[in-house]
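So you can see what is in the structure, the chains are spelled out below.
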Amino acid sequence: MPIPEFIVEIRKKIGHDLLWLPGVTGLVVDDAQRLLVVRRADNLQWTLVSGCLDPGEQPAVGIVREILEETGVTARAERVLAVDVTGQFAHANGDETVFMDVAFLCRATGGTARVNDDESVDVGWVSIDELPELPARHQAYVKQYLSGVEAAWFAE
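These numbers come from a predicted model, not from an experiment.

Caption draft 1: Structural view of the overall build of the chain. Looking only at helices and strands, one finds three helices and nine strands in the chain. Taking 15 Å as the expected radius of gyration for a compact globule of 156 residues, we find that the chain reaches 15 Å, a close match to that expectation. Taking the principal axes of its C-alpha atoms as reference, the chain extends roughly 45 × 35 × 30 Å. With 156 residues in all, the chain has 40% of them scored as buried.

Caption draft 2: Representation of the pattern of salt bridges. Taken as a whole and judged by the stated rule, the model has 11 salt bridges. Between Glu9 and Lys12 there is a salt bridge whose closest N-O contact spans 3.0 Å. Taken together, the positions of Glu9 and Lys12, both in helix H1 (residues 5-14) and three residues apart, correspond to about one turn of that helix. One salt bridge in this structure joins Glu78 and Arg76, with 3.0 Å as the shortest N-O distance. The partly exposed category is assigned to Glu78, whose relative accessible area is 36%. For Arg76, a relative accessible area of 42% translates into the label partly exposed. Residues joined in a network through salt bridges with shared partners are Asp54, Glu57, Arg65, Glu66 and Glu69.

Caption draft 3: Region of interest: helix H2 (residues 59-71). If you check H2, its first and last C-alpha atoms are 18 Å apart, about what 13 residues at 1.5 Å a residue would give, namely 18 Å. Buried-residue contacts for H2 involve strand S1 (19-29), strand S2 (35-40), strand S4 (49-52), strand S5 (73-85), strand S7 (96-111) and strand S8 (120-126). Remark: Gly72 follows H2 within two positions and exhibits a positive phi of approximately 80 degrees.

Caption draft 4: Molecular detail of the environment of Arg34. By secondary structure assignment, the location of Arg34 is in the loop between S1 and S2. The spacing of Arg34 and Asn116 is 82 residues in sequence and 19 Å in space, taken between C-alpha atoms. In this view, Arg34 contacts Val28, Val29, Trp125, Val126 and Ser127; residues no more than four positions away in its chain are not counted. Within the structure, the side chain of Arg34 is placed 2.6 Å from the side chain of Asp30, a separation counted as a polar contact.

Caption draft 5: Region of the structure containing the side chain of Ser120. As for its position among the elements, Ser120 is in strand S8. We classify Ser120 as buried; its relative accessible area is 6%.

Caption draft 6: Region of interest: unusual backbone geometry. Look at Gln33: it is not a glycine, yet its phi comes out positive at around 65 degrees. Inspection of the secondary structure puts Gln33 in the loop between S1 and S2. For Gln33, a relative accessible area of 36% gives the class partly exposed. Phi is positive for Leu44, which is not a glycine, with a value near 60 degrees. Classification of Leu44 as partly exposed rests on a relative accessible area of 46%.

How each quantity is defined
- Residues numbered from 1 in each chain as written.
- Predicted model: local features only at pLDDT ≥ 70, side-chain atom pairs only at ≥ 80, totals over all residues.
- Heavy atoms only, no water.
- Helix = DSSP H or I, 4+ residues; strand = E, 2+ residues; numbered from the N terminus.
- Rg over C-alpha atoms; globule rule 2.2 N^0.38 Å.
- Buried < 20%, exposed > 50% of the residue type's maximum accessible area, 1.4 Å probe, protein only.
- Salt bridge = Lys/Arg side-chain N within 4 Å of Asp/Glu carboxyl O.
- Expected span 1.5 Å × (residues − 1).
- Contact = heavy atoms within 4.5 Å.
- Polar contact = N/O pair within 3.5 Å; in protein donor to acceptor, adjacent residues only side chain to side chain.

Honestly, that's just the spatial picture; any functional story needs more than this.
Put into structure tokens, the structure is as follows:
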């Protein structure tokens, strides 16, 4: 996965030290109520679509961009599902990060699901009862969606 240029520049100054970053996740639903999932190239884990925001980028705009870039699917953000903080993560190159993640419920509006960049090795639509194992945080987002509660979830 390419590291965004703004992070490359920050890393020149701080090295591998912990970096707090803004992230977004999209729980993308189609008209058949299937969910869009991606299998990450770096660890082969199935996940919802996620990514890092560019400096100054609005979160809803960023997740729509990430969905298109990674999967070829066009979507619109409908509402915030959750706001969460990821655990601290050590990347293979030694960089330490924590993400403040805004998860959105998104509706697919067009395009064809496919591997659309080098961040994924597989992309597809799956029914709720056929979801592959997802990270716990993403499972919580699916549970929030299925609960029917429209208020955003956040830790207190």
